[in-house]
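Observations on chain architecture
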Amino acid sequence: MPRYAITHRTEYRYNQTVSLGPHRLMLRPRESRELRLLSHKITTTPPSTISWAQDVFGNSIATAVFDAPTDRLVIDSTVSLELSSSAWPVFPIAVGAINYPFSYSAEERTDLGALLSPQYADPMGRLSSWTAGFVRSNPTDTLALLKDLNAGISGTASYEAREDEGTQAPGRTLDMGRGSCRDFAVLFVEAARLLGFGARVVSGYLFNPALQDSDTTTHAWAEVFVPGAGWISFDPTNRQMGGFNLIPVAVARDLAQAMPVSGTFIGAGSARLTVAVRVTEEQNQEPK
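Presented here is a report on the structure given in the accompanying data block. The structure displayed is predicted, hence computed values, not measured ones.

Let us look at the overall build of the protein. Secondary structure assignment for the protein yields five helices and 16 strands. Its C-alpha atoms give the protein a radius of gyration of 20 Å, within 12% of the compact-globule value 19 Å for 288 residues. Along the longest, intermediate and shortest principal axes, the C-alpha atoms of the protein span 60 × 55 × 40 Å. By residue count, 45% of the 288 residues in the protein fall in the buried class. Across the protein, every contact between residues at least 6 apart in sequence was considered, and the portion connecting residues at least 24 apart equals 76%. Counting every atom, the protein has about 14,100 Å² of accessible surface; 50% of that belongs to carbon and sulfur.

Next comes the structure, spelled out in C-alpha cells:
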C-alpha cells in the first residue's frame, strides 16, 4: 500500500510587530476506507495552544491561540499516511441512477440540501448553456456525462496558477478561458448542480511523482453524489476520476469554507505570505 509524507509550511512575515488572533487550521487529512492516517503534527512559531473540533461536514478543525506578539508566524503541518485508492475504480451505481436524468430519493434530497443548489448568479444563462451542451441525449449515461463535463473544463479553459486568494466565478472562468485548480473545481461543482447533481468541493493535496522533489501548493477538486456509488471524485485540472493520488483534507459547500489557514492579526503592519507544500512517496516500507 503506498505510503506518503506531506509537509505543509505556511509563513507570514509582518513589517511590524502584531498581535495574533485565533487561527483556524484545516490541515488534517480526512480518514476513510481508502486513507489511513499514520501520524499528524502541527507546530507553530510563536508557540500556540491548539484545540480540536469538527465542522458540519466532519472536517477536523484545529484552532491555534497565541499569547506573544510577533513579526513572524510559521505554521508547520507534517503528515504520514497510507492511500489505497485504485487507479481504475469501478463504481457500483444504483440501477435507477445509471441513466441521467434520475431522481434522488426524498431522504437524499433532504440530506444533500444546499449541495444541490447553484451558488452563483447566471443572469445571461452563459453557464447554463455551456453545461447543457454536455447532455448528448435524453436519457444519457450518468457516468459518461460527468466524465465529459470533467474533461470539458480543461478543454474549455487553460490551467493558470494563481497566488491570490479566493476563486473566480464560474462564468468568469469560462469568459477568460483560464483558471486555477480552485476555479476549475468551483466551475465543475456549479455545472453539476445546474444538472441536478449533489456536488461539493474538496481541498487537499495531489501526489505528482514529477514534483515530489519540488515545493508545490494545495490542490482542489470536486465530488458528486451518485446513488449506489456514493461520493465520486472528479479532478478537472488533471481530467481524473476517482481518488487515485488525491489526498482530501476538507469537503465543503463552498471552497471558502475549506481554507487551510485563516486568521486575523491586530496591528498596523502588513503581511507577506508564502506557502510551501511537498508530497513524497515514502520508501523502504515494511512488507505487509
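Take the sheet that holds strand 10 (residues 198-206) next. Strand order in the open sheet formed by five strands is 13-12-11-10-14, and the pairing between neighbours is antiparallel. Edge strands, defined here as strands with exactly one partner in the open sheet, are strand 13 (240-241) and strand 14 (246-252). When strand 12 (residues 230-235) meets strand 13, the two strands line up antiparallel, connected through two bridges. Bridged to aspartate 235 within strand 13 is glutamine 240. The strands that helix 3 (residues 142-156) touches are strand 11 (219-226), strand 12 and strand 13; relative to strand 12, the one it contacts most, it runs at about 30°.

This part covers the environment of valine 65. By the secondary structure assignment, valine 65 is in strand 4 (residues 60-66). Classification of valine 65 as partly exposed rests on a relative accessible area of 38%. Sequence separation between valine 65 and phenylalanine 102 is 37 residues; the distance between their C-alpha atoms is 48 Å. Look past the residues within four positions of valine 65 in its chain and what remains in contact with it is Ser48 and Thr49.

Let us now look at the environment of phenylalanine 184. With respect to the element layout, phenylalanine 184 can be found in helix 5 (residues 181-194). In this structure, the C-alpha to C-alpha distance between phenylalanine 184 and alanine 114, residues 70 residues apart in sequence, is 20 Å. Setting aside its immediate chain neighbours within four residues, phenylalanine 184 contacts Ile153, Ala157, Ser158, Tyr159, Thr173, Arg178, Gly179, Pro236 and Thr237.

To continue, consider the side chain of histidine 40. Along the chain, histidine 40 falls in strand 2 (residues 35-45). A distance of 3.0 Å separates the side chain of histidine 40 from the side chain of serine 77, its partner in a polar contact. Ignoring any residue separated from it by four or fewer positions in sequence, one finds histidine 40 in contact with Leu27, Arg28, Trp52, Ser77, Thr78 and Val79.

With that out of the way, let us pick up the nonpolar core. Core analysis: the biggest nonpolar cluster contains 70 residues, and Leu81, Trp130, Phe188, Phe197 and Val224 have the highest contact counts within it. Here the element with the most residues in this core is helix 5; it accounts for nine residues. Excluding its chain neighbours within four sequence positions, the residues that come into contact with phenylalanine 188 are Leu146, Leu149, Asn150, Ile153, Ala222, Val224, Phe234 and Pro236.

This part covers unusual backbone geometry. In this structure, proline 46 follows threonine 45 across a cis peptide bond, with omega equal to 5°. Along the chain, proline 46 turns up in the loop between strand 2 and strand 3 (48-54). Omega for the peptide link from asparagine 138 to proline 139 comes to 5°, which places this bond in the cis form. Its location among the elements puts proline 139 in the loop between helix 2 (126-132) and strand 7 (140-141). Here asparagine 245, not a glycine, exhibits a phi torsion of approximately 70°, which is positive.

Rules of the game
Residues numbered from 1 in each chain as written. Predicted model: local features only at pLDDT ≥ 70, side-chain atom pairs only at ≥ 80, totals over all residues. Heavy atoms only, no water. Helix = DSSP H or I, 4+ residues; strand = E, 2+ residues; numbered from the N terminus. Rg over C-alpha atoms; globule rule 2.2 N^0.38 Å. Buried < 20%, exposed > 50% of the residue type's maximum accessible area, 1.4 Å probe, protein only. Contact = heavy atoms within 4.5 Å. Areas by Shrake-Rupley, 256 points an atom, 1.4 Å probe, with all protein chains shown as cover. Pairing = 2+ DSSP bridges. Axes fitted to C-alpha atoms, helices over the stretch in contact; angles between N-to-C directions. Polar contact = N/O pair within 3.5 Å; in protein donor to acceptor, adjacent residues only side chain to side chain. Core = buried A, V, L, I, M, F, W, Y, C linked by side-chain atoms within 4.5 Å.

Take it as geometry only, folks, not as evidence of what the structure does.
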